[in-house]
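What the coordinates show
So you can see what is in the structure, the chains are spelled out below.
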Amino acid sequence: QEQLSSDCSSSLDSLDNLSMDDYWTEVENIKESHGSEPDDNNVEVKTPEEGELEADWLQDAGLSTLIREQSGDDDDIVLLSTLTRTQAAAVQRRVETCTRSMRKKIKQPVRDVRDVFAAPNSTSRHLKQQDVSDTQAEQRLKYLLPEEDKSEADPDRQETSSPGQGYSSKEELINFDVSYSEQATVWRKRIQDDKEARKRKDEGSLPQYVIHKNKLGMTRMGDLSPADMKKVHTLALIELTALFDTLDIEVKRHKVVKVKAGDNRLFGVPLTQLIENDQKIVPNIKVPLFLQELLCCLEQKGLETEGILRISGSVARMKNLQKELEENFYQKTFDWEKVNQNDAAGLLKMFIREMPHPLLTTEYLSAFAAVKNITDHKQRLHALNLLVLILPEPNRCTLKCLLEFLCKVIGKEMKNRMNLWNVSTIIAPNLFMHKGILNKIPDGKEKQQAEKAADIVRMLTHYQDILWIIPFFLVAQVRKLNENSSKRYQFYDKRLKNLLRKIHTEKDKQEKQNTFNKIRIQAPQLLKDTLEVCLEREMTTRNLVQHFHKHLHQDSWDPSNSCKCNGSTDSSEFYLYEVGGNIGERCLDPDTHIFDLLKVNPQAEWIMKQHQKPKES
């Protein structure tokens, strides 16, 4: 088992015992800073009409063709073929709502939901007529897992880890192998029968989670190709919706209409535009240059400053600094040495809250807020993991950069007196109280809502290592989606189809026998020829990298035929990639078992690269 811990481990007390003073002080500071400012730059948010949200959702999920009368694109059918039962049900609900709305508005034929979910060879059957028992549904999920790990598809087994397995009372097993919404379905059935579980209260503690090590290796954001990450985004959106549906959590999504652009170059500039401008200076940059330099300034001078982030800087000085930064930052004439630490912290919070769109995005800010209404802590973590996955890359990378900085602040708690809860209560209003989005809080619920917002920031900060993992079941669905996309062409001559199947079956058997005995590693920048390695059953990526590194230093290796990065051949700089087959490109985790991965993707090529491991931030 793999235990993921965080350095941000302070403040594990009950929420009832934690002070909210810092939160309300920060709210007052925000109001004061906005006091004399006009609201011209507010984001205008339109209240969607019936069916509009569902149509937007289907568009984002790549399934907008499901509500058209004629659709010449089979991509929706391919995507639907990879969905679990709860995911397909979530799609069907939105298609039904959207179809009803369209019929009312335009009074013209639209695709019937029964046609959308009909079996491939018949339009007379639909999803509701294909209901299966829980046992059959469980079997449907098992294709998501490698042969050796199919037992992990049983949620009952995952949820009942015994003390004999070495877990303390505060350690819990988290399951990335099976769809979160399917796990939630099982959990709901249990909770209905477990009276004690229903009475149990979330005390606000932060459990230590243990992740089962899948033999196919961990996949983190930044490890997959952009094309596969796009598929992950689509599948994560569908899975998040299915999870919320299962838990009866209603999310009202805001729709951005327009933003009145200003003349600024740093503050109040859309994040995407800011990064696009910065990429003209530093190609492939994913976090704004200004934010990187500001955080660097704070890390050098402010981490040990008592009350950093809590103590407000001078409003007048910050206004002057903002004006000077707008004029001089890109001229590289701004002097960071003269900036007071508290003023720099104030600039950081100002930069976050003055974005035209929230860092957590206008579309998904309400979904982040809705996580607070999930009673089970583990399911809250599941929802946050999916929300991080569906954030646009600029927002996700910038959020990660911010959270990493917050962890550094918390790491100096003995010096700066800022623990995890203090930091969370101060950052929460800057993330959730966006001036362009009205937040109507019922009377008497202000304290409760504030505590929950701070708790979401606390979880994002404390569990960021877990939240930036792509779950195994989503990677498996991406593989299935890629496989199905390549099989869209159907043979209508049964004899030809059977003959080809027989030829390919015999060919595949022979190829697999050869493939599982050895692996050929390509390294275009380092080796002239491929390196053939005999495989052992338990060989991991780490073993292959070490073998490759050893091979480079043998007498037979000619440095003139290679291209060394930074003049170094340190094995820690080598990364093995799985390329092609049922995946676009994937940087392999050091603990990936190659033999097991070959069974899942026998058509892949294996490429060794020498560089810094890909990061999103």
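Residues numbered from 1 in each chain as written. Predicted model: local features only at pLDDT ≥ 70, side-chain atom pairs only at ≥ 80, totals over all residues. Heavy atoms only, no water.

Turning our eyes to something else, we now look at the overall build of the protein. Counting its secondary structure elements, the protein contains 25 helices and 12 strands. For the protein, the proportion of its 617 residues judged to be buried stands at 50%. Counting contacts in the protein only where the partners sit at least 6 residues apart, residues at least 24 apart contribute 81% of the total. As displayed, the protein has an accessible area near 30600 Å², and 47% of this comes from carbon and sulfur atoms. (Helix = DSSP H or I, 4+ residues; strand = E, 2+ residues; numbered from the N terminus. Buried < 20%, exposed > 50% of the residue type's maximum accessible area, 1.4 Å probe, protein only. Contact = heavy atoms within 4.5 Å. Areas by Shrake-Rupley, 256 points an atom, 1.4 Å probe, with all protein chains shown as cover.)

Time to look at the packing of helix α19 (residues 420-432) against helix α20 (residues 446-462). Across the interface, α19 lies against α20 with an axial gap of 8 Å and an inter-helix angle of 110°. By the criterion of interaxial angle, the relationship of α19 to α20 is roughly perpendicular. Considering the relative orientation of α19 and α20, their crossing is right-handed. Contacts from Leu420, Trp421, Ser424, Thr425, Ile427, Ala428, Leu431 and Phe432 in α19 reach Glu451, Ala453, Ala454, Asp455, Ile456, Val457, Arg458, Thr461 and His462 in α20. (Axes fitted to C-alpha atoms, helices over the stretch in contact; angles between N-to-C directions. Parallel < 35°, antiparallel > 145°, perpendicular 65-115°, else oblique. Left-handed = near helix turned anticlockwise from the far one by under 90°.)

Another aspect to go through is the nonpolar core. With 128 residues, the main nonpolar core has Leu309 and Leu348 as its most contacted residues. Counting residues domain by domain, this core receives three or more from each of domain 1 (46-103 + 170-191 + 204-248) and domain 2 (253-470). When near neighbours in sequence (up to four residues on either side) are disregarded, Leu348 contacts Leu291, Leu294, Leu295, Leu298, Leu309, Leu402 and Phe405. The next biggest cluster of nonpolar side chains, apart from the first, holds 23 residues, and it includes Ile519, Val545, Leu588 and Leu597. (Core = buried A, V, L, I, M, F, W, Y, C linked by side-chain atoms within 4.5 Å. Domains from an automatic or database assignment.)

Let us now look at helix α11 (residues 271-279). For α11, every residue scored as buried is listed here: Leu271, Leu274, Ile275 and Asp278. All buried residues of α11 project into a common sector of 95° when viewed along the axis, lining one side. (Arc of directions from axis to C-beta.)

Moving on to the packing of aromatic side chains. Tallied over the entire structure, the rule returns 13 aromatic pairs. Note on Phe176 and Phe472: the rings are 6.4 Å apart at their centroids and 70° apart in plane angle, and the pair reads as edge-to-face. Placement of Phe176 in the loop between β3 (171-174) and α8 (180-193) and of Phe472 in helix α22 (residues 472-485) is noted, with a sequence separation of 296 residues between them. One exposure class covers both Phe176 and Phe472, and it is buried. (Phe/Tyr/Trp six-rings, centres within 6.5 Å; stacked < 30°, edge-to-face > 60°.)

Here we take up unusual backbone geometry. Residue Asp248 is not a glycine yet carries a positive backbone phi of 60°. Looking at where Asp248 falls in the secondary structure, it is placed in the loop between α10 (226-246) and β6 (255-258). A relative accessible area of 59% means that Asp248 is categorised as exposed.

Here we take up the sheet that holds strand β9 (residues 531-534). Spatial ordering of the open sheet is given by β9-β8-β12-β10-β11, a layout of five strands whose pairing is mixed. Both outer strands of the open sheet, β9 and β11 (583-587), are each paired with one neighbouring strand and no more. Sheet twist, expressed as the mean angle between neighbouring strand axes with direction ignored, is 30°. Sheet topology places strand β8 (residues 518-522) next to strand β12 (residues 605-610); two bridges connect them, and they run parallel. Looking at the pairing, Ile521 lines up with Trp606 of β12. Contacting β10 (574-580) and β11, α22 crosses the sheet at an angle of about 150° to β11. (Pairing = 2+ DSSP bridges.)

Before going further, it helps to spend a moment on the pattern of salt bridges. Taken as a whole and assessed by the stated rule, the structure comprises 24 salt bridges. Glu532 is paired through a salt bridge with Lys518; the nearest N and O atoms lie 4.0 Å apart. Taken together, the positions of Glu532 in strand β9 and Lys518 in strand β8 put the pair 14 residues apart, joining distant regions of the chain. For Glu532, a relative accessible area of 41% gives the class partly exposed. On the accessibility criterion, Lys518 (30% relative accessible area) is partly exposed. Connected through salt bridges with shared partners, the residues Arg93, Arg94 and Asp245 form a single ionic network. (Salt bridge = Lys/Arg side-chain N within 4 Å of Asp/Glu carboxyl O.)

Another aspect to go through is the side chain of Thr425. One can find Thr425 in helix α19. In this structure Thr425 comes out as buried when scored by relative accessible area, which is 0%.

A few words now on the state of the cysteines. A covalent bond between the sulfur atoms of two cysteines is referred to as a disulfide. Taken as a whole and assessed by the stated rule, the structure comprises zero disulfides. The cysteine Cys297 is free of any disulfide, with Cys296 supplying the nearest cysteine sulfur at 7.7 Å. (Disulfide = S-S within 2.5 Å.)

Strand direction decides the pairing type here: β10 and β12, joined by six bridges, are antiparallel. Looking across to β12, one finds that Val579 is bridged to Glu605.

Next up on the list: helix α16 (residues 377-390). In this model, α16 (14 residues) spans 20 Å end to end at C-alpha, consistent with the 20 Å of a helix rising 1.5 Å per residue. Taken across its 14 residues, α16 has 14 buried, putting it largely inside the fold. (Expected span 1.5 Å × (residues − 1).)

For the rest of this paragraph, the subject is the environment of Ala345. Within the element layout of this structure, Ala345 appears in helix α14 (residues 341-353). Ala345 gets classed as buried once you look at its relative accessible area, which sits at 1%. Ala345 sits 47 residues away from Leu298 along the chain, and the two C-alpha atoms are 7.2 Å apart.

With that out of the way, let us pick up the side chain of Asn484. Relative to the helices and strands, Asn484 resides in helix α22. Asn484 sits in the buried class, given a relative accessible area of 19%. Aside from chain neighbours lying at most four places away, what touches Asn484 is Val78, Ser81 and Thr82.

This part is about the confidence of the model for the protein. Atomic detail in the predicted coordinates should be set aside for any region of low pLDDT. The predicted model of the protein has a mean per-residue pLDDT of 78, with 69% of residues at 70 or higher. Taken element by element, the predicted model of the protein shows its lowest mean pLDDT in helix α7 (residues 155-159) (36) and its highest in helix α17 (residues 393-411) (97). Residue range residues 119-169 is modelled with pLDDT below 50. Its contacts to residues more than four positions away, or to other chains, number 81 contacts. Low pLDDT, under 50, characterises residues 558-571; the stretch is placed with 26 contacts to residues that sit more than four places away or in other chains. (pLDDT = per-residue confidence, 0-100.)

By the secondary structure assignment, Asn264 is in the loop between β6 and α11. Here the alpha-carbon distance between Asn264 and Lys323, two residues 59 residues apart in the chain, equals 9.2 Å. Discounting chain neighbours no more than four positions away, the residues touching Asn264 are Val269, Gln322 and Glu326. Here Phe267 takes part through its backbone oxygen, which lies 3.0 Å from a polar atom of the side chain of Asn264. (Polar contact = N/O pair within 3.5 Å; in protein donor to acceptor, adjacent residues only side chain to side chain.)

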